[in-house]
Amino acid sequence: MAQRNNKYDRQLRIWGEHGQTALETARVCVLNCGPTGSEALKNLVLGGIGSFTIVDASKVSAADLGNNYLVDWESLGQSKAKSVCALLQELNESVGAKFVEESPEALLESNPAFFAQFTLVIATQMTEAPLLKLEEICRQQKVMLVIARSYGLAGLVRISVTEHDIIESKPDNKVEDLRLHKPWPELQSYVDEFDIDTQDHNIHKHIPFAILLIKIAEDWKKSHDGKLPANVRLFKEAITARRRVEEDEDNYNEALKSAYIVLFPPSISSQLRAVLEDKASDVDASSSDFWIMVSALKQFMANEGQGEPPLDGAIPDMHSFTDYYIKLQKIYQARAEADVTAVEGHVARILKQIGRESSPIPRSTIKLFCKNARNLRVLRCKMLSDEFSSRSGPELQRLLAVEESSHPALYVLLRAVDHFAATYNRFPGVFDGEMEEDVSRLKSLAVGLLNDMGGGGASLPEDVVSEICRFGAGEIHCVASIVGGIASQECIKLLTRQFTPIQGTFIYNAMSATSLVLNV
Amino acid sequence: MSRSEELNQQMDINGIEKEKVLMVGAGGIGCELLKTLVLTGFQHIHLIDMDTIEVSNLNRQFLFRKSHVGQSKAKVAREAVLKFRPGVEIVAHHANVKNQEFDIDFFKQFSVVLNGLDNLEARRHVNRMCLAAGVPLVESGTTGYLGQVTVHIKGQTECYECQPKPAPKSYPVCTITSTPSKLIHCIVWAKELALAKLFGDKGQVSDLDVRPTSNEDGAVSNDPDEAQFFEVRSGENSKAYAERVFDRIFGQNIVTALQNEDTWKARRRPDPLFLEKVLTEDDVVTTNGVCSSEGTISASASLGLKNPQETWSVKDNARVFLESVQLFLDKRSKDVGKLVFDKDDQLAVEFVTAAANLRAHSFGIPMQSLFEAKGMAGNIIHAIATTNAIIAGLIVLEALKILSNKTKECRMTYCVEHPSGKMLLMPVEMAEPNPRCYVCSETPLVLELNTATATMREVLEKVVKRKLGVTDPVIMQGSNLLHESGEDIEEDMVAYYTALLDKKFVDYPTPITTGVVLTVEDYHQDFRCSLHVKHRETFDEEKEPEGMVITGDLASLNNTDASAQPSTAAPSKIQNGHAEEEEDDDVVMVEPVPKAATAGTKRKLEEEDTQPTEKRLRVTESVPIEV
Ligand SMILES: [Zn+2]
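Residues numbered from 1 in each chain as written. Chains lettered and ligands numbered in written order. Predicted model: local features only at pLDDT ≥ 70, side-chain atom pairs only at ≥ 80, totals over all residues. Heavy atoms only, no water.

Bringing the overall build of chain A into the picture now. When helices and strands are tallied, chain A shows 23 helices and 10 strands. Projected onto its principal axes, the C-alpha positions of chain A cover 90 × 50 × 45 Å. A buried classification covers 60% of the 520 residues belonging to chain A. Summarising the internal contacts of chain A: among those between residues at least 6 apart in sequence, 70% fall at separations of at least 24. A total accessible area of about 19,900 Å² is found for chain A, and carbon and sulfur atoms account for 53% of it. Charge centroids of chain A, computed over 55 positive and 70 negative side chains, lie 5 Å from each other. (Helix = DSSP H or I, 4+ residues; strand = E, 2+ residues; numbered from the N terminus. Buried < 20%, exposed > 50% of the residue type's maximum accessible area, 1.4 Å probe, protein only. Contact = heavy atoms within 4.5 Å. Areas by Shrake-Rupley, 256 points an atom, 1.4 Å probe, with all protein chains shown as cover. Lys, Arg positive; Asp, Glu negative; His and termini not counted. Charge placed at Lys NZ, Arg CZ, Asp CG, Glu CD.)

As a further point, take the overall build of chain B. Counting its regular elements, chain B contains 20 helices and 18 strands. The buried share of chain B, reckoned over its 627 residues, is 61%. In chain B, the proportion of contacts linking residues at least 24 apart, taken out of those at least 6 apart, comes to 70%. Summed over its atoms, the accessible surface of chain B is roughly 24,300 Å², and 47% of this surface lies on carbon and sulfur atoms.

Once that is clear, we can look at the side chain of His346 of chain A. All names here are of chain A. Mapped onto the fold, His346 is located in helix 16 (residues 322-353). Of the residues examined, His346 reaches a relative accessible area of 4% and is grouped as buried. Side-chain polar atoms of His346 contact the side chain of Gln299, separated by 3.2 Å. (Polar contact = N/O pair within 3.5 Å; in protein donor to acceptor, adjacent residues only side chain to side chain.)

Further remarks concern the domain arrangement of chain A. The domain architecture assigned to chain A consists of domain 1 (2-162 + 476-518), domain 2 (185-263), domain 3 (270-379) and domain 4 (390-471). Computed from C-alpha atoms alone, the centre-to-centre distance between domain 1 of chain A and domain 2 of chain A is 54 Å. (Domains from an automatic or database assignment.)

All names here are of chain A. Listed as buried for helix 17 (residues 363-371) are Ile366, Phe369 and Cys370. Buried positions in helix 17, seen along its axis, are confined to an arc of 95 degrees and lie on one side of it. Of the surrounding secondary structure, the elements contacted by the buried residues of helix 17 are helix 15 (289-302) and helix 16. (Arc of directions from axis to C-beta.)

A word on the pattern of salt bridges. Counted by the stated rule, this structure contains 59 salt bridges over all chains. One salt bridge in this structure joins Arg374 of chain A and Asp177 of chain A, with 3.1 Å as the shortest N-O distance. Highlighted residues: Arg374 of chain A in the loop between helix 17 and strand 8 (377-379) and Asp177 of chain A in the loop between strand 7 (164-166) and helix 8 (185-192), separated in sequence by 197 residues. The residues Arg374 of chain A and Asp177 of chain A share a single accessibility class, namely buried. If you follow the salt bridges from partner to partner, you end up with Asp9, Arg10 and Arg13 of chain A together with Asp344 and Lys374 of chain B in one network. (Salt bridge = Lys/Arg side-chain N within 4 Å of Asp/Glu carboxyl O.)

Bringing the sheet that holds strand 6 (residues 154-160) of chain A into the picture now. In sheet architecture, strand pairing relies on hydrogen bonds along the backbone and comes in two forms, parallel and antiparallel. All names here are of chain A. If you trace the eight strands from one edge of the open sheet to the other, you get 3-2-1-4-5-6-9-10, paired in mixed fashion. The open sheet has two edge strands, strand 3 (96-100) and strand 10 (514-518), and neither has a second partner. Shown here is a sheet whose adjacent strand axes are inclined to one another by a mean of 15 degrees, direction ignored. Examined bridge by bridge, strand 1 (residues 27-31) and strand 2 (residues 51-55) share five bridges and lie parallel to one another. Bridge pairing in strand 2 places Arg27 opposite Ser51. Along the sheet, helix 20 (residues 407-424) makes contact with strand 5 (144-151), strand 6, strand 9 (505-509) and strand 10, crossing strand 9 at roughly 100 degrees. (Pairing = 2+ DSSP bridges. Axes fitted to C-alpha atoms, helices over the stretch in contact; angles between N-to-C directions.)

Residue and element names in this part refer to chain B. Topologically, Glu448 is positioned in strand 12 (residues 445-449). Within polar-contact distance, the side chain of Glu448 engages the side chain of Arg536 at 3.1 Å. For Glu448, the contacting residues outside a window of four places in its chain are Lys534, Arg536, Phe539, Gly547, Met548, Val549 and Thr551.

Quick look at the packing of aromatic side chains now. Summed over the entire model, instances satisfying the criterion amount to 28 aromatic pairs over all chains. Ring geometry for Phe194 of chain A and Tyr324 of chain A: centres 5.1 Å apart, planes at 85 degrees, overall edge-to-face. Of the two residues, Phe194 of chain A sits in the loop between helix 8 and helix 9 (201-204) while Tyr324 of chain A sits in helix 16, which places them 130 residues apart along the sequence. Accessibility classification places Phe194 of chain A together with Tyr324 of chain A in one group, the buried group. Aromatic ring contacts, followed pair by pair, group Trp189, Phe199, Phe246, Phe250, Phe321, Phe328 and Phe351 of chain B into a single cluster. Between Lys42 of chain A and the ring centre of Phe62 of chain B, over which it is positioned, the NZ or CZ distance is 4.5 Å. Against the face of Phe229 of chain B rests Arg248 of chain B, its NZ or CZ located 4.0 Å from the ring centre. (Phe/Tyr/Trp six-rings, centres within 6.5 Å; stacked < 30°, edge-to-face > 60°. Lys NZ or Arg CZ within 6 Å of the ring centre and 35° of its normal.)

So, about the interface of chain A and chain B. Listed as interface residues are 82 residues of chain A and, on the opposing side, 86 residues of chain B. With both sides pooled, the region where chain A packs onto chain B buries about 7,400 Å², and carbon together with sulfur makes up 57% of that total. It is Arg10, Arg13 and Tyr69 of chain A that lose the most area in chain A upon contact with chain B, and together they represent 13% of the buried surface on that side. Run the count over chain A and chain B and you get six salt bridges. Residue Lys374 of chain B is joined to Asp9 of chain A by a salt bridge in which the shortest nitrogen-to-oxygen separation is 3.3 Å. In this structure, the connection of chain A to chain B is made through 17 residue pairs in polar contact (both at pLDDT 80 or more). Per-class residue counts for the side of chain A that touches chain B are 34 nonpolar, 27 polar and 21 charged. (Buried area = accessible area lost by both parts, 1.4 Å probe. Nonpolar A, V, L, I, M, F, W, Y, C, P; charged D, E, K, R; others polar.)

All names here are of chain B. On the surface, Glu487, Asp488, Glu490, Glu491 and Asp492 cluster together into a negatively charged patch. Structurally, Glu491 is set in helix 18 (residues 491-501). For Glu491, a relative accessible area of 71% puts it in the exposed group. (Patch = residues over 30% accessible without salt bridge, like charges linked within 9 Å, V, L, I, M, F, W, Y side chains within 5 Å.)

So, on to the UniProt feature "binding site: Zn(2+)" (unreviewed entry) in chain B. Residue and element names in this part refer to chain B. Under the feature "binding site: Zn(2+)" (unreviewed entry), the UniProt entry names Cys159, Cys162, Cys437 and Cys440. In sequence the annotated residues extend across 282 residues, while in space they remain close, none of their C-alpha pairs exceeding 8.5 Å. Residue position: Cys159 is located in the loop between strand 6 (146-152) and strand 7 (170-172). Look at Cys159 and you get buried, because its relative accessible area is 2%. With residues near it in sequence (within four places) discarded, Cys159 still touches Asn127, Leu131, His152, Cys437, Val439 and Cys440. With respect to the helices and strands, Cys162 occurs in the loop between strand 6 and strand 7. (UniProt positions renumbered as here; feature names shortened; annotations may be inferred.)

Bringing the pairing of strand 2 of chain A into the picture now. All names here are of chain A. For strand 2, the tally of buried residues reaches four of five residues, placing the bulk of the element in the interior. With respect to chirality, the unit in which strand 1 leads through helix 3 (residues 35-47) into the neighbouring parallel strand 2 is right-handed. Here strand 2 pairs with strand 3 via five bridges, running parallel. Paired with Ile54 across the two strands is Phe99, which belongs to strand 3. (Right-handed = clockwise from strand over helix to strand, strands pointing away.)

Residues and elements named next belong to chain A. Between helix 21 (residues 435-452) and helix 22 (residues 462-471), the least distance of the axes is 9 Å, while the angle of their chain directions is 120 degrees. When the axes of helix 21 and helix 22 are compared, the pair comes out oblique. The handedness of the crossing between helix 21 and helix 22 comes out as right-handed. Counting all contacts with helix 21, which are made through Met435, Asp438, Val439, Leu442 and Lys443, the residues of helix 22 involved are Glu462, Val465, Ser466, Ile468, Cys469 and Arg470. (Parallel < 35°, antiparallel > 145°, perpendicular 65-115°, else oblique. Left-handed = near helix turned anticlockwise from the far one by under 90°.)

Attention now moves to the coordination of the zinc ion. Octahedral six-donor coordination of a metal ideally yields angles of 90 or 180 degrees, compared with 109.5 degrees for tetrahedral four-donor coordination. Residue and element names in this part refer to chain B. Every protein donor of the zinc ion is listed here as Cys159 (SG), Cys162 (SG), Cys437 (SG) and Cys440 (SG), and their distances to the metal cover 2.2 to 2.4 Å. Of note, the donors binding the zinc ion are all from one chain and are spaced C-x2-C-x274-C-x2-C. With Cys162 in the loop between strand 6 and strand 7 and Cys437 in the loop between strand 11 (423-429) and strand 12, this residue pair connects regions lying 275 residues apart in the sequence. This pair shows no difference in class: Cys162 is buried, exactly as Cys437 is. (Donors = N, O, S within 2.8 Å, 3.2 Å for Na, K, Ca; no water.)

Turning to the confidence of the model for chain B, a few remarks are in order. Atomic detail in the predicted coordinates should be set aside for any region of low pLDDT. Residues and elements named next belong to chain B. On average, residues of chain B score 79 in pLDDT, and 77% of them reach the 70 mark or higher. Mean pLDDT across the elements of chain B bottoms out in helix 20 (residues 595-598) (36) and peaks in strand 2 (residues 44-48) (98). Contacts from residues 209-222, a stretch scored under 50 in pLDDT, to residues over four places away or in other chains number 37 contacts. Scored as a whole, the predicted complex attains pTM 0.83, and scored at its interfaces, ipTM 0.91. (pLDDT = per-residue confidence, 0-100.)

Our next topic: the environment of Glu32 of chain B. In this structure, Glu32 of chain B sits in helix 2 (residues 28-40). The spatial distance from the C-alpha of Glu32 of chain B to the C-alpha of Arg411 of chain B is 20 Å, given a sequence separation of 379 residues. In this structure, Glu32 of chain B is in contact with Glu39, Lys42, Asn43 and Ser481 of chain A together with Phe62, Ala385, Asn388, Ala389 and Ala392 of chain B, ignoring residues within four places of it in sequence.

Another point: helix 2 (residues 9-24) of chain A. Residues and elements named next belong to chain A. In this model helix 2 runs just 15 Å from its N-terminal to its C-terminal C-alpha over 16 residues, more than 12% under the 22 Å that 1.5 Å per residue would give. Of all the bends found along helix 2, the most pronounced is centred on Trp15 and spans about 100 degrees. Among the residues making up helix 2, those that are buried are Asp9, Arg10, Gln11, Leu12, Arg13, Ile14, Trp15, Gly16, Gly19, Gln20 and Leu23. (Expected span 1.5 Å × (residues − 1). Bend = angle between axes of the 7 residues up to and from the residue.)

Put into structure tokens, the structure is as follows:
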């Protein structure tokens with residue numbers, strides 16, 4: 001325990017014990033262990049996933065030694081999967097390590113059921129046809145799929161999951177929910193204990209700003225027919241009128257800074273609204289815990305919450321005496337606990353309705369859900385087969401015309417090279433002598449592809465086409481390190497169910513150091 | 001043709017295998033970087049790192065194994081890579097990059113310098129060395145999912161110090177010594193005062209005791225009896241010592257502080273904690289006799305407290321305090337007298353957690369778990385493998401652009417946590433050098449002080465070292481040397497400088513007063529700037545506690561001209577929690593993405609209103625510019 005805590009100390013501070021536990025129970029499969037696959041897996045092994053399985057049929061060649069750190073001289077000519085597996089195992093002995101010396105394409109054909117044992121599959125350096133097959137299997141077996149590809153100086157990362165529910169989306173700009181516009185009785189009665197016009201200057205400058213704002217808003221309402229100030233400026237004037245300038249009062253500075261939250265309390269975000277309105281929140285016996293809690297949340301908001309989700313109970317730092325602050329903190333925490341209890345009640349009723357009393361949802365889970373209720377997210381990924389169908393053409397056409405960057409063109413070309421490979425049995429640009437022909441072959445394949453998707457007439461920048469040919473299909477280590485790094489980062493987000501993963505196709509251009517997430 | 005050769009050809013780099021590069025730092029980014037450099041075809045690499053390997057490095061510094069704990073990072077990293085790629089020349093320096101051996105000539109031998117550093121001080125130093133040697137610098141940093149890579153080329157782009165860097169947090173001394181209101185105040189007290197007083201260098205002045213005479217300014221007590229109190233008495237065993245210290249710092253000192261009625265007029269009065277009340281007869285400390293866990297001496301192991309995420313009871317905190325004091329005296333006596341807090345020192349973290357919690361309990365502040373307290377005490381930076389791998393790849397790509405003379409294509413790249421808009425990697429064009437930067441352009445600064453009372457010693461400490469980041473200063477007035485530091489100085493000059501050190505400026509042979517220009521130089525850093533002296537009688541005790549102010553371009557550079565601040569922050573306003581700008585063995589100080597690039601994304605570093613306003617206790621040694 002102590003050792004685990006020390007080793008993972010720095011990351012536990014990002015995703016917590018429960019996030020670490022989620023990683024430690026994850027079974028990850030990596031298809032192809034070139035530099036992209038090896039780098040992605042290396043990061044996950046260091047992070048402490050439960051186990052991994054590498055699927056790769058190739059042998060270690062001299063070229064591998066030049067771009068993959070996880071193969072060594074001694075394994076030259078031997079199984080690459082075996083070598084990478086052994087070296088990864090050294091990095092973290094608590095991770096289970098396995099390998100299968102077989103090509104992913106062959107395995108897809110011979111044993112589709114193989115993939116059911118995994119939590120997540122990372123498919124690296126795979127072409128379109130087998131990817132479509134793999135996606136179908138993964139969707140059926142409810143296995144998360146992350147696709148990663150390094151192609152010369154270009155890279156691609158794409159997630160494919162049917163549905164991914166996120167309780168802890170951890171947005172950058174967390175809204176503070178203080179309910180200063182409608183204090184509940186316990187908070188109100190604490191506010192009433194204060195005389196904010198006290199002649200004791202020391203007390204005057206140590207009253208927490210939350211109390212000041214509630215009081216001053218209350219006074220305003222008394223003299224304005226129960227209405228709040230029409231704008232923040234008026235409210236700030238009312239606040240300034242109560243402060244004692246010569247005392248240099250920081251609590252008043254804080255009150256001025258936060259004045260707007262009384263007039264503009266946090267609203268229900270469009271993302272939360274989408275979750276609440278999602279059809280999946282009409283639950284039945286087959287519903288997941290997440291949707292049962294969403295359903296309970298709706299009932300809470302319609303009843304106890306009076307339109308608001310549960311209070312998270314956190315309050316910001318305030319300039320104040322410690323005892324005032326701690327009392328205030330306790331009042332907020334008590335309210336948050338009461339809200340959890342209310343939601344818990346709804347959950348119990350729902351479970352009873354759908355005949356699931358026997359498997360309740362633990363309070364700790366409900367608590368986490370309530371604390372993050374404002375930031376719930378549901379991610380559903382388009383199937384690759386839909387993305388590649390005719391419906392996407394017009395959108396691609398638009399992007400190619402609008403986007404100044406090379407990314408939409410790279411997106412098309414990364415698909416076109418697979419068609420090239422299917423046609424010529426090799427990737428473009430492999431032979432120096434055929435470079436010019438390859439450029440025009442690739443270009444006409446790409447244009448044909450766009451036409452098939454209903455995006456005819458769009459033009460592809462000449463220089464991007466020839467760049468793709470010039471670089472060939474090679475995995476360059478520093479590009480693989482970046483693409484593998486991003487892919488593993490997305491895997492961690494998926495496995496821990498924290499943070500919001502990429503929604504769309506991430507395209508990286510190493511030459512211009514730019515990236516873009518495309519939604520087609 | 002190998003992939004790396006292909007890449008190099010595409011980037012028009014001839015003979016990458018001949019290029020010589022310097023890597024500073026073999027931590028989280030360093031391990032990734034070394035591997036990526038070698039696999040990109042670099043064959044001559046120098047590596048400098050003064051650190052040794054810790055267990056907490058192993059979740060991302062993949063060149064290291066458990067068996068390497070305690071060994072030099074630079075050397076182990078070199079051996080690990082050579083084992084795999086024996087043909088490469090890697091020179092490992094287990095040393096501080098600020099050492100004299102790494103002089104300008106040393107830096108000049110490299111085509112490019114790549115930083116994977118963990119602290120501001122070293123970064124500023126390497127920046128100056130690169131400017132002096134005319135070598136391009138690629139600088140980097142990560143925190144959790146965030147990261148950045150920037151390129152600095154003399155004369156073409158901003159230098160590392162062209163933009164102000166966030167200052168470490170500091171707390172008013174009286175908040176720490178007398179009126180803590182948050183756990184972080186108690187942690188700073190435990191770490192900087194209690195730990196230092198008991199086990200640190202006794203020569204250092206510490207403000208631990210709250211004397212009846214000490215007022216809210218937190219006057220320093222230099223009472224000799226006081227210093228003696230914390231010595232182990234002859235014939236006293238470690239248990240008796242621990243108990244005596246407990247009653248003094250948690251009991252008697254609080255009783256004494258309570259006599260100062262003014263302080264408690266409107267505050268909650270703290271409760272003194274005496275051992276006989278906290279631990280009754282039945283609660284006698286019983287240890288299981290195993291005071292170490294996996295070779296680490298640990299009080300919580302000894303007491304059987306297993307879960308670091310659990311908040312200990314007051315009794316347990318008292319037990320941990322007593323046990324950790326005893327273990328320091330009995331098992332780590334060689335560290336006593338010179339201990340400095342280190343976040344990877346288990347016993348020190350336990351002592352600090354227990355001491356901070358006990359003090360917090362006295363003051364009615366909620367206590368925290370060891371895990372949380374450790375994060376606060378160590379200003380621990382979140383660090384994961386994924387971001388380091390991405391950043392290392394980006395560093396190499398920028399280095400390749402520099403080596404292929406495509407410096408116009410260099411970018412500052414920010415790796416952002418959430419796709420802001422639709423981008424995860426955000427490239428920003430390099431900015432021009434800041435003409436008002438005192439490091440890369442010779443902009444004069446104005447030094448305001450009271451020349452009737454100011455001394456060279458004060459100016460050296462408060463301004464030259466702390467604010468200008470100079471390591472070995474030489475001070476001149478015209479062509480007259482007033483101060484030099486270093487080893488090979490003539491004895492008579494040493495005597496002369498020592499005599500000047502505490503002389504008032506007006507009493508100098510040529511009095512230093514308004515109009516005098518002092519030149520500050522650091523030969524090692526090849527750093528030079530001039531200070532225009534301006535006499536001023538009075539300074540605002542709260543806003544300008546140091547009694548001297550650097551203004552002019554330095555101030556506008558930092559955009560925090562104290563006198564121009566409309567209002568000032570008070571003690572409790574300083575945010576606690578993890579400090580983004582602190583140091584770890586990884587790299588830190590992710591900088592805010594320039595405003596133009598973020599388009600309204602709210603960043604973390606917006607603490608413009610936490611200017612020091614009172615006498616402050618510095619939490620760390622490395623204090624950057626904080627005008
Ligand atoms: Zn500069």
